[in-house]
Amino acid sequence: MSKPSDQPSLRWDDNAIVTLDQRALPHERRLLRLDTVDDVITAITTLAVRGAPSIGLAGALGVALSAYAHCLPGGTGGGQAAVRADARRLAAARPTAVNLAWAVERAVGRLADGPDAVLAEATAMIDEDRTVNRQMVAHAVRAVRDRCPQRPLRLLTHCNTGRLATAAVGTALGTILALADAGEVTEVLVDETRPLLQGARLTAWELAEAGVPHRVCIDSAAAAAMRQGLVDCVLVGADRITARGDVANKIGTYGLAIAAAHHGIPFIVVAPESSWDRSLADGRDIVIEERAADEVTSYGGVRTTPRGTRAYNPAFDVTPVSLITAIVSEHGVHHASEVTA
Ligand SMILES: CSC[C@@H](O)[C@@H](O)C(=O)COP(=O)(O)O
């Protein structure tokens, strides 16, 4: 039997995309079947499918769904023009993670060869992501070992960057799991990741599944944990990295990086090449998704703020390269000071 981490977070099955519904975790392991482009867009916008590499793969498979619907005799018609329109809607479902637009564009690139070619491209991307995960994690493990001589390690991570967010072991969380597997980790502090609790719900679930000791850490306690000496290294993922190495990632990452720099703690970003957007130099040019106020003004469907309270709810922030120790991809370890436009 394969280990949980050997199973891709999403797959193609009988003309549909099948994925774990991340909204239901950790209480329910519910499979979600996405039959149409609209299903895919809803899954991405509601975070049933989330994490930069995973939404890219879902987007690419969504183009295949569209190609089968519009480009086969007996389908709904519309041809390639209709598929391109769907592809634009898919790519716009979430604006910050560049992996989504990148993957959709790659799938569209095979449109002239027919729906089977689009599907083959999308499924090849799933296989590639698995290879990329393995390579990236190997480099990132080396980066942590080089910078953190003490053993065992106390690590801190933010959001969810594991197998739910990718097609294999993940990026930052994959690295943590590999270090834990080697017996080098004593505890992982898991930022709960307000407001949608990707850390508390998903990362804690993945770590528990793997048997890695961890505690959920309220986001606002991360700096205090660093001051108390509970953190040897911070590992996070990325949604978009600019040519000079500024990193957009889940809201709260910037604050973590400031705190880590203040305490002299290595801050390492682990992300695939597909998260780089070299068309941008300055991270301030990255479009940051602003999400609905009710994600903050209510909890579990119950309002927590006075009626009419407005909210500031950006899904991501940007950490300038000056606060980052290293950025690791499948190609190796980049010292942040070497990454320039
Ligand atoms: C390997 S996932 C990298 C990032 O996508 C991750 O850190 C993150 O910020 C995810 O945000 P989310 O809003 O949950 O999709």
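Residues numbered from 1 in each chain as written. Predicted model: local features only at pLDDT ≥ 70, side-chain atom pairs only at ≥ 80, totals over all residues.

(A) Highlighting the overall build of the protein chain. Helix and strand content of the protein chain: 10 helices and 16 strands. Taking 20 Å as the expected radius of gyration for a compact globule of 341 residues, we find that the protein chain reaches 20 Å, a close match to that expectation. If you line up the protein chain on its principal axes, its C-alpha atoms span 65 × 50 × 45 Å. Across the 341 residues in the protein chain, those meeting the buried criterion constitute 51%. Relative to all contacts within the protein chain whose residues are 6 or more apart in sequence, the contacts with residues 24 or more apart total 74%. (Helix = DSSP H or I, 4+ residues; strand = E, 2+ residues; numbered from the N terminus. Rg over C-alpha atoms; globule rule 2.2 N^0.38 Å. Buried ≥ 20, exposed ≤ 12 C-beta atoms within 10 Å, placed from the backbone. Contact = placed C-beta atoms within 7 Å.)

(B) Spotlight on the packing of helix α3 (residues 79-91) against helix α4 (residues 98-108). Two numbers describe how α3 lies on α4: the axes approach to 9 Å, and their chain directions differ by 165°. The angle between the axes of α3 and α4 places the two elements in the roughly antiparallel class. Between α3 and α4 the crossing geometry is right-handed. Facing R84, A87, L90 and A91 of α3, the residues of α4 in contact are L100, A101, V104 and V108. Here the residues of the contact of α3 with α4 are counted per class, giving 7 nonpolar, no polar and 1 charged. (Axes fitted to C-alpha atoms, helices over the stretch in contact; angles between N-to-C directions. Parallel < 35°, antiparallel > 145°, perpendicular 65-115°, else oblique. Left-handed = near helix turned anticlockwise from the far one by under 90°. Nonpolar A, V, L, I, M, F, W, Y, C, P; charged D, E, K, R; others polar.)

(C) Broad picture of the site of the ligand. The environment of the ligand is made up of 19 residues, and the closest members are R50, A52, A165, G237 and K250. Going through the elements one at a time, α2 (52-70) and β9 (247-250) are the ones with two or more residues in the shell around the ligand. Taken together, the residues of the shell around the ligand sort by class into 8 nonpolar, 8 polar and 3 charged. For the shell around the ligand, the two domains that each supply at least three residues are domain 1 (4-129) and domain 2 (135-338). (Near = placed C-beta within 6 Å. Domains from an automatic or database assignment.)

(D) Up close: the sheet that holds strand β2 (residues 17-20). With antiparallel pairing, the 3 strands of this open sheet are ordered in space as β1-β2-β3. At either margin of the open sheet sits one strand with a lone partner, and together these are β1 (10-12) and β3 (31-34). Neighbour to neighbour, the strand axes of the sheet diverge by 20° on average, direction disregarded. For β2 and β3, the ladder comprises 4 bridges, and the chain directions are antiparallel. By the bridge assignment, T19 is partnered in β3 with L32. (Pairing = 2+ DSSP bridges.)

(E) Main features of the UniProt feature "binding site: substrate" (unreviewed entry) in the protein chain. Feature annotation in UniProt assigns "binding site: substrate" (unreviewed entry) to the following positions: R50, G51, A52, R94, Q198, N249 and K250. Among the secondary structure elements, Q198 is positioned in helix α7 (residues 198-210). If sequence neighbours within four positions are ignored, Q198 has contacts with C159, N160, T193 and T203. Mapping N249 onto the fold places it in strand β9. N249 gets classed as buried once you count the C-beta atoms within 10 Å, which come to 29. (UniProt positions renumbered as here; feature names shortened; annotations may be inferred.)

(F) Main features of the environment of S279. Turning to its location among the elements, S279 is positioned in the loop between β11 (276-277) and α10 (294-297). Look at S279 and you get exposed, because 9 C-beta atoms sit within 10 Å.

(G) Highlighting unusual backbone geometry. Of the consecutive residues L25 and P26, the connecting peptide bond is found in the cis state with omega at 5°. In this structure, the amide linkage connecting R151 to the following residue, P152, adopts the cis form with an omega of -10°. Within the element layout of this structure, P152 appears in the loop between α5 (115-147) and β4 (153-157). The residue L197 is not glycine, and still its phi comes out positive at about 60°. For L197, the location among the structural elements is in the loop between β5 (185-191) and α7. Residue classification places L197 among the partly exposed residues on the basis of 18 C-beta atoms within 10 Å.

(H) Highlighting the pairing of strand β14 (residues 316-319). Here β14 shows two buried faces, one formed by F316 and V318 and the other by D317 and T319. Strand direction decides the pairing type here: β9 and β14, joined by 4 bridges, are antiparallel. Considered in β14, the bridge of V247 is made with T319.

(I) Expanded view of the nonpolar core. Among the nonpolar cores identified, the biggest contains 104 residues, and V63, V104, V234 and I268 are the most heavily contacted of them. The dominant element in this core, judged by the number of residues it contributes, is α5, at 12 residues. For this core, the two domains that each supply at least three residues are domain 1 (4-129) and domain 2 (135-338). When residues no more than four places from it in sequence are discounted, the contact partners of V63 are V83, A87, L90, V104, A107, V108, V118 and A122. (Core = buried A, V, L, I, M, F, W, Y, C linked by C-beta atoms within 7 Å.)

(J) Spatial organisation of the domain arrangement of the protein chain. Looking at the assigned domains, one finds that the protein chain contains domain 1 (4-129) and domain 2 (135-338). Each partner contributes to the interface: domain 1 provides 25 residues, whereas domain 2 provides 28 residues. Within the residue set of the side of domain 1 that touches domain 2, elements represented by two or more residues are α2, α4 and α5. Ranked by residue count, the leading element in the side of domain 1 that touches domain 2 is α2, at 5 residues. When the residues that make up the side of domain 1 that touches domain 2 are grouped by side-chain class, the tally is 14 nonpolar, 8 polar and 3 charged.

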